[in-house]
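Below are the chains, spelled out letter by letter.
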Amino acid sequence: MPARASLIARWTVRLLGAWLVVFEACRIAGAGFADGPWFGKGVHDVVLVAASLLCLARAILVARERAAWALIGLGLLSWSLGEIYYTLVIWDAESIPIPSPADAGYLLFPPLAFAGLATLLRARVRNAPRTLWVDGLTAALAAAALSAAIVFHAVLGSVGGEPMAVATNLAYPLGDLLLLGLVVGAFALNGWRLQRTWVLLGLGIGTFWVADSLYLVFTAQGTYEPGSVFDVGWWAGIVLVARAAWTPAETGDAVQRAGIRLIALPTVFAAVGLALLVFAAFIHVTPLAVLLAGASLATVMVRLLLTFRDYMAMLARSREESLSDSLTGLGNRRALRLDLEAALESSADDDPVVLALFDLDGFKHYNDSFGHPAGDALLARLGEQFARTLRGRGRAYRMGGDEFCALVEPGAEVAEPIVAAAAAALSESGEGFTIGCSYGVVTLPWEASGAADALGLADRRMYAQKRDGRASASRQSKDVLVQTLLERGAELGDHHRAVAGHAERVARLFGLDADEIARIRHAAELHDIGKVAIPDDILNKPGALDEAEWEFVRSHTVVGERIVAAAPALAPVAALVRSTHEHFDGSGYPDATAGRDIPLGARIVSVCDAYDAMISERPYGDGLSPAEARAELRRCAGAQFDPVVVDLLGAVLDGIDAAPDLHADPAIRVAAPQTR
């Protein structure tokens, strides 16, 4: 709202309020109306019109909530016009006519104000839970019931005369009752927060309620005099409503900030309704109050039903979330466990269930290349395709990360095509990436009787297929490079086959696993691939090499690493190729690495390469005998070569198929390498 207009409006309201305080102090002190322009008869009408115009100014100057404040301002102005008529025409009359034109102005205020307050409430309270609306209705009905029991009953017992007069007098408490109930309901819908706008509106409506009630009682008793002490209640009510118009709207989540009030205050209002019904059994209470109190308790029952429905919906959502993957919407690991256990209990030999576990290939590369948001989008897309493929034939799950699972009930169909189609649904390719998947399949109950056993077996089969796929990729890449060496010279092929055979057998004696043995064999076959970059006149030179030529030769391991690493499946092999000419004492190249810091596979290839080179014919000299070569290896053990590898190569050459006890000899135990 405009800052300057707001400041002027607030100061104007303060001045009007100060006038009311001084006026009331004069009335309480019995000073009456002082002579002069400040406290004479009719001056309060100026205050009322000014306050009404302030409310209308809020509607004119500020677009937000314009309709609400325009209706409220018109209600205030109509009441003020009725008061002006009363002051000019009826104030000094011996008998007050009921109804009169003043009553028309007064009674226009409740419907206009009610419409304005309802419009304001609708503008400020959006997306409120149904329970808050019911709480508001409960509070409004209970407050109205209390008002009817206290005020309406007293007014009803004291009014009399013509039907129009009775109807007019009863319209005042009824209008106040509706307004008061609406304001209390507004507090409920705002989570029982004491927002300044609604507090001021509540105080304004409350003072109207008190002033109207006292006026009707004193009028019925014939003791009312214009300008009474309680008359200021009407005027103060209008000023308070005008001040509320220029109060900034408060924002925030009422439900989150309300806390215990969300249940405590509705309970209090429900207790008020219940107490009125109890009192009605012992003392006379107007039927309207009983009806309103009963309605407030009925809304409490509606609140209980809504709360129960919300609780059940929340329980269903919680259960669904606990069994669903948040990214793909598929069942999660817990859901799979439950469904798998149920499937194992109900499956039979003639009606098996197939468990298939899938793991994406290439997803890490995709994530690293395109980022995690793109990776999440890919998983969601593949999950949707996966679920669509299995619809009607099985259930889809995401285990976490890039692992998916399916429970397939093939029935009369063959399971393999269904699983293959599911694997295809988890595959995608594009510019710079290819996503495939490996999977393992278990048939229940034939191959497993428990959920843990079934998942374990499927997991082992999936990773076995993944290893086979990786081995195939690395083998194809390796074969290409080996063929490159053969094209360079046929004698290189014989040498590398011999070195690879010795290295594989030595690796087996170390007790390494199949994947590590395969990597070492590939490194042995490719350890000289970098020599394709060495000129033939250096590689085949019969005499000694000079320093520049040795620099060419020493670079071949680094060149070889770059060539092999160009195939991602051979990255572990490339690291071994780089280190095949390191020496155990640190005098080798290219990194001068020593001892067990040299990868075990490189130490094995180094010894096997040296042995085969020594027994082979070379342009610069004749080869040694096998015995002489083995003696040379033993002489250089601990310096150029790993002593343990030298001993194990000797065992291989002697035809020993079992590995010697590496823990029997303390010297060997100390030198025994750790697999890298």
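In this text, all values refer to a predicted model and were calculated from it rather than measured experimentally. (Residues numbered from 1 in each chain as written. Predicted model: local features only at pLDDT ≥ 70, side-chain atom pairs only at ≥ 80, totals over all residues. Heavy atoms only, no water.)

**With respect to the overall build of the protein chain**
Rule in force here: Strands here mean DSSP runs of E at least two residues long; helices mean DSSP runs of H or I at least four residues long; both are numbered from the N terminus. When accessible area is computed with a 1.4 Å probe and restricted to protein chains, residues below 20% of their type maximum are described as buried, those above 50% as exposed, and intermediate ones as partly exposed. With residues, only the protein chains shown are counted as cover, and all accessible areas are computed by Shrake-Rupley using a 1.4 Å probe.
Along the backbone of the protein chain there are 26 helices and 5 strands. Per-residue burial for the protein chain yields a buried fraction of 46% across its 676 residues. In the form shown here, the protein chain has an accessible surface area of approximately 32700 Å², with 61% of it arising from carbon and sulfur atoms.

**Side note on helix α15 (residues 415-425)**
The condition that has to hold: This arc is built from the directions going out from the helix axis to the C-beta atoms. The criterion used for residue contact is that any of the two residues' heavy atoms lie within 4.5 Å.
Buried within α15 we find Ala 415, Ile 418, Val 419, Ala 422, Ala 423 and Ala 425. Seen from one end, α15 has its buried residues packed into an arc of 160 degrees, which puts them on one side. Pointing more than 90 degrees away from the buried face of α15 are the exposed residues Glu 416, Pro 417 and Ala 424. Looking at the buried positions of α15, the neighbouring elements they touch are β1 (353-361), α14 (372-390), β3 (403-408) and β5 (433-444).

**Quick notes on the packing of aromatic side chains**
Aromatic ring pairs are reported here in terms of the distance separating the ring centres and the angle at which the planes meet. So the rule is basically this: Only Phe, Tyr and Trp rings take part, Trp by its six-membered ring, and two of them pair if their centres are within 6.5 Å. Stacked means planes under 30 degrees apart, edge-to-face means over 60, and tilted covers everything else.
The tally for this structure, following the rule as stated, stands at 10 aromatic pairs. Plain terms: the ring middles of Trp 79 and Phe 208 are 5.4 Å apart, the flat faces sit at 85 degrees to each other, and that makes the pair edge-to-face. Here Trp 79 is found in helix α3 (residues 66-90), whereas its partner Phe 208 is found in helix α7 (residues 196-221), with 129 residues between them in sequence. Across the pair, Phe 208 and Trp 79 agree in class, each one buried.

**Concerning the nonpolar core**
Inclusion rule: Joining through side-chain atoms within 4.5 Å is the link that ties buried Ala, Val, Leu, Ile, Met, Phe, Trp, Tyr and Cys residues into a set, and such a set is a nonpolar core.
Core analysis: the biggest nonpolar cluster contains 57 residues, and Trp 69, Trp 79, Trp 234 and Trp 235 have the highest contact counts within it. Among the secondary structure elements, those contributing two or more residues to this core are α1 (3-29), α2 (43-61), α3, α4 (101-124), α6 (163-189), α7 and α8 (232-245). Here this core takes 9 residues from α8, the largest share from any one element. Sequence-distant contacts of Trp 69, defined by excluding residues within four places in its chain, comprise Cys 55, Arg 58, Ala 59, Leu 120, Thr 197, Leu 201, Val 241, Ala 244 and Ala 245.

**Details of the confidence of the model for the protein chain**
Where the model shows low pLDDT, its predicted coordinates should not be examined in detail. Which entries qualify depends on this criterion: One confidence number per residue, pLDDT, is output by the predictor and ranges from 0 to 100.
For the protein chain, per-residue confidence averages 78 on the pLDDT scale, and residues scoring 70 or more make up 78% of the total. Predicted confidence for residues 252-258 stays below pLDDT 50, and this span has 11 contacts to residues more than four positions away or in other chains. Counting contacts from residues 657-676, a segment whose pLDDT is below 50, to residues more than four positions away or on other chains yields 33 contacts.

**Let's talk about the packing of helix α23 (residues 600-614) against helix α25 (residues 643-653)**
As a reminder, the rule being used: A fitted line through C-alpha atoms represents every axis, and for helices the fit uses only the stretch in contact; the resulting angles, taken between N-to-C directions, go from 0 to 180 degrees. Comment on the angle field: the value is read as roughly parallel under 35 degrees, roughly antiparallel over 145, roughly perpendicular from 65 to 115, and oblique elsewhere. Throughout, a crossing is termed right-handed when the near helix is turned clockwise from the far one, and left-handed when it is turned anticlockwise from it by less than a right angle. Gly falls in the polar group here, along with every residue not listed as nonpolar (Ala, Val, Leu, Ile, Met, Phe, Trp, Tyr, Cys, Pro) or charged (Asp, Glu, Lys, Arg).
It is the contact of α23 with α25, at a shortest axis distance of 10 Å, that shows an interaxial angle of 55 degrees. As the angle between them shows, α23 and α25 are arranged oblique. You can see that α23 and α25 cross each other, and the crossing is right-handed. Between α23, through Arg 603, Ile 604, Val 607, Cys 608 and Tyr 611, and α25, the contact on the second element is made entirely by Val 645, Val 646, Leu 649 and Leu 653. Partitioned by chemical class, the residues of the contact of α23 with α25 number 8 nonpolar, no polar and 1 charged.

**Remarks on the sheet that holds β3**
Rule in force here: Strand pairing is defined by DSSP finding a minimum of two bridges between the two strands.
The sheet built from 5 strands is open, its strands ordered β2-β3-β1-β5-β4 with antiparallel pairing. With one partner strand each, in any of the chains shown, β2 (394-400) and β4 (428-430) form the two edges of the open sheet. Each adjacent strand pair in this sheet contributes to an overall mean axis angle of 20 degrees, direction not counted. As defined by bridge partners, β4 adjoins β5 across 3 bridges and the pair is classed as antiparallel. Note that in β5 the partner of Ser 429 across the bridge is Thr 434. Against the sheet, helix α12 (residues 333-346) touches β1, β2, β3 and β5, its axis set at about 140 degrees to β2.

**Observations regarding a nonpolar patch on the surface**
Inclusion rule: Like-charged residues within 9 Å of one another, or nonpolar side chains (Val, Leu, Ile, Met, Phe, Trp, Tyr) within 5 Å, are grouped into patches, provided each residue has over 30% relative accessible area and no salt bridge. One side-chain nitrogen of Lys or Arg within 4 Å of one carboxyl oxygen of Asp or Glu is enough to make a salt bridge.
On the surface, Leu 274, Val 278, Phe 279, Phe 282 and Ile 283 cluster together into a nonpolar patch covering about 550 Å² of accessible area. Tracing the sequence through the fold places Leu 274 in helix α10 (residues 261-280).

**Points about the pairing of β2**
As paired elements, β2 and β3 share 6 bridges and run antiparallel to each other. What sits directly across from Arg 395, in β3, is Leu 407. Two successive antiparallel strands, β2 and β3, enclose a turn made up of 2 residues, where Gly 401 displays a positive phi of approximately 60 degrees.

**Considering the pattern of salt bridges**
It is possible for side chains bearing opposite charge to pair when their charged atoms get close. With the rule as written, the count across this model stands at 18 salt bridges. Salt bridges here are not isolated pairs; linked through shared partners, they connect Glu 504, Arg 508, Arg 521 and Glu 525.

**Focus: the side chain of Asn 367**
Following the sequence through the fold, Asn 367 ends up in helix α13 (residues 363-370). Given a relative accessible area of 13%, Asn 367 falls into the buried group. In contact with Asn 367, other than residues within four places in its own chain, are His 372 and Gly 375.

**Focus on helix α18 (residues 514-526)**
Under the convention used in this document: To estimate the expected span of a helix, subtract one from its residue number and multiply by 1.5 Å.
With 13 residues, α18 should reach 18 Å at 1.5 Å per residue; the first-to-last C-alpha distance of 18 Å fits that figure. Within α18, burial applies to Glu 516, Ile 517, Ile 520, His 522, Ala 523, Ala 524, Glu 525 and Leu 526.

**Some details on the packing of helix α21 (residues 556-565) against helix α22 (residues 571-578)**
Where α21 meets α22, the axes come as close as 8 Å, and the angle between the chain directions of the two elements is 175 degrees. Judged on the interaxial angle alone, α22 and α21 are roughly antiparallel. Where α21 approaches α22, its residues Thr 557, Val 558, Gly 560, Glu 561, Val 564 and Ala 565 are matched on the opposing element by Val 573, Ala 574, Val 577 and Arg 578. Tallied by class, residues from the contact of α21 with α22 come to 6 nonpolar, 2 polar and 2 charged.

**Let's talk about unusual backbone geometry**
Excluding glycine, residues mostly have negative phi values, and the peptide bonds linking residues are mostly trans. The omega torsion across Tyr 589 and Pro 590 is 10 degrees, close enough to zero to call that bond cis. With respect to the helices, strands and loops of the structure, Pro 590 is situated in the loop between α22 and α23. Of note in the backbone geometry, Glu 65 takes a positive phi value of approximately 60 degrees without being a glycine. Secondary-structure assignment places Glu 65 in the loop between α2 and α3.

**Considerations on the environment of Val 652**
Structurally, the position occupied by Val 652 is in helix α25. Judged by its relative accessible area of 12%, Val 652 is buried. For the pair Val 652 and Ala 503, spaced 149 residues apart in the sequence, the C-alpha separation amounts to 9.6 Å. Once residues within four sequence positions are removed from consideration, Val 652 is found in contact with Arg 505, Val 506 and Leu 509.

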